[in-house]
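# Structural overview
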Amino acid sequence: MFLVGLSGGIASGKSTVVAVFRELGCAVIDADVIARQVVQPHFLAYQQIVHYFGTEILLESGEINREALGNIIFSHPEKRQVLNSITHPEIQKEMLKQIFKYFVLGYRYVILDIPLLFETNKLTKFMKHTILVYCDPQTQLSRLMKRNGLSQSEAEARIASQLPLDEKRKLATHVIDNSRDWESTWRHVLKLHGQLEDSLDFLLVRLAAVTALAGIGGAVCFLLRHFVS
């Protein structure tokens, strides 16, 4: 099994592409879903976030108000870095658990849906392939304004907080252009899925794992014989 990192930009249509991969039976690990899990009350990350940002970011239920916290970190990049330093280690731990699960189940590849894959640039070295969901800047702006009910200046500020899609495009192994109609995007995803499924990259990883397990098993057998005799 090998890892495929998938990312995009705000309002580029990443969720649409992920939905197609899921329909095709692919294993997808969503970093956003995990990020919401690790900031639930009684988790370590939750306690650290409240300690740093204060109780004013909490809802009456005690859960973190994601919209209020989002407004803070979009306006203060240094606070966004603090939040990332709190949540990223916990997110990565949970992702590793899920990767191991899919490895045991025998999947050829697993998609890691990571919104800031190219911004952080810490996880790309673990990916055999990277995918960028792209759309042209004007389409991205209009989609964000319509989806979130933002003014042009507000939408531009949100987009500017991320690495431009044209820059990410240079870093990705594969680019899925989601600027046009849904059928075009679907065909592109289907073609890429076929290429990844036909790839033999998973054999090298699985062979290495089997070799390592065989070595550990051999060592255990040797020790058992030694102590039994």
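Residues numbered from 1 in each chain as written. Predicted model: local features only at pLDDT ≥ 70, side-chain atom pairs only at ≥ 80, totals over all residues. Heavy atoms only, no water.

Put simply, the test is: UniProt positions are given in the numbering used here, feature names are shortened, and annotations may be inferred rather than shown by experiment.
Looking at an unreviewed UniProt entry, one finds the protein named Dephospho-CoA kinase domain-containing protein and attributed to Alligator sinensis. Under the Sequence similarities (unreviewed entry) heading, UniProt states for the protein: "Belongs to the CoaE family."

## A short note on the overall build of the protein
Worth spelling out the cut-off: Helix and strand definitions here come from DSSP, where helices need a minimum of 4 consecutive H or I residues and strands a minimum of 2 consecutive E residues; each element is numbered from the N-terminal end. Exposure classes here rest on a 1.4 Å probe applied to the protein chains alone. A residue is buried below 20% of its type maximum, exposed above 50%, and partly exposed in between. A 1.4 Å probe and the Shrake-Rupley method give the accessible areas. Residues count as covered only by the protein chains that appear here.
Counting secondary structure elements, the protein contains eleven helices and five strands. Here the protein holds 229 residues, and the buried ones make up 38% of them. Of the accessible surface of the protein, which amounts to about 13,300 Å², a share of 58% is contributed by carbon and sulfur atoms.

## Some points on the packing of aromatic side chains
Stated formally: Stacked, tilted and edge-to-face are the three classes applied to pairs of Phe, Tyr and Trp rings, where Trp contributes its six-membered ring and a pair requires centres within 6.5 Å; stacked means planes under 30 degrees apart, edge-to-face means over 60, and tilted covers the rest.
Here the structure, examined in full by the defined rule, presents four aromatic pairs. Measuring from ring centre to ring centre gives 5.7 Å for Phe 2 and Tyr 109, while their planes differ by 20°; the resulting arrangement is stacked. Of this pair, Phe 2 sits in strand 1 (residues 2-7) while Tyr 109 sits in strand 3 (residues 109-113), and the two are 107 residues apart along the sequence. Accessibility assignment for this pair places Phe 2 and Tyr 109 in one class, buried. Relative to Tyr 107, the ring of Tyr 102 lies with its centre 5.2 Å away and its plane at 80°, an arrangement referred to as edge-to-face.

## Details of the environment of Glu 94
Note the following rule: Only heavy atoms matter for contacts: two residues are in contact if any of them lie within 4.5 Å across the pair.
Turning to its location among the elements, Glu 94 is positioned in helix 5 (residues 77-105). Since its relative accessible area comes to 24%, Glu 94 is described here as partly exposed. Once the C-alpha coordinates of Glu 94 and Ala 31 are considered, the two residues, 63 residues apart in sequence, prove to be 9.2 Å apart. Excluding residues that lie within four positions of it along the chain, Glu 94 makes contacts with Ile 34 and Gln 37.

## Let's talk about the sheet that holds strand 5 (residues 174-177)
Strand pairing in a sheet is mediated by backbone hydrogen bonds. Such pairs are either parallel or antiparallel. For the record, the criterion: A strand pair is defined by DSSP finding two or more bridges across the two strands. What counts as an axis is a line fitted to C-alpha atoms, over the stretch in contact for a helix, and the angles between N-to-C directions run from 0 to 180 degrees.
Taken in spatial order, the five strands line up as 2-3-1-4-5 in an open sheet, and their pairing is parallel. Since the sheet does not close on itself, it has two edges, and those belong to strand 2 (27-30) and strand 5, each with one partner. On average, each strand axis in the sheet is inclined to that of its neighbour by 25°, with strand direction left out of account. Alignment of strand 2 against strand 3, held across four bridges, turns out to be parallel. Paired with Asp 30 across the strands is Asp 113, a residue of strand 3. Seen against the sheet, helix 1 (residues 14-23) touches strand 1, strand 2, strand 3, strand 4 (129-134) and strand 5 and runs at an angle of roughly 150° to strand 1. In this fold helix 2 (residues 31-38) packs onto strand 2 and strand 3, with an angle of close to 45° to the strand it touches most, strand 2.

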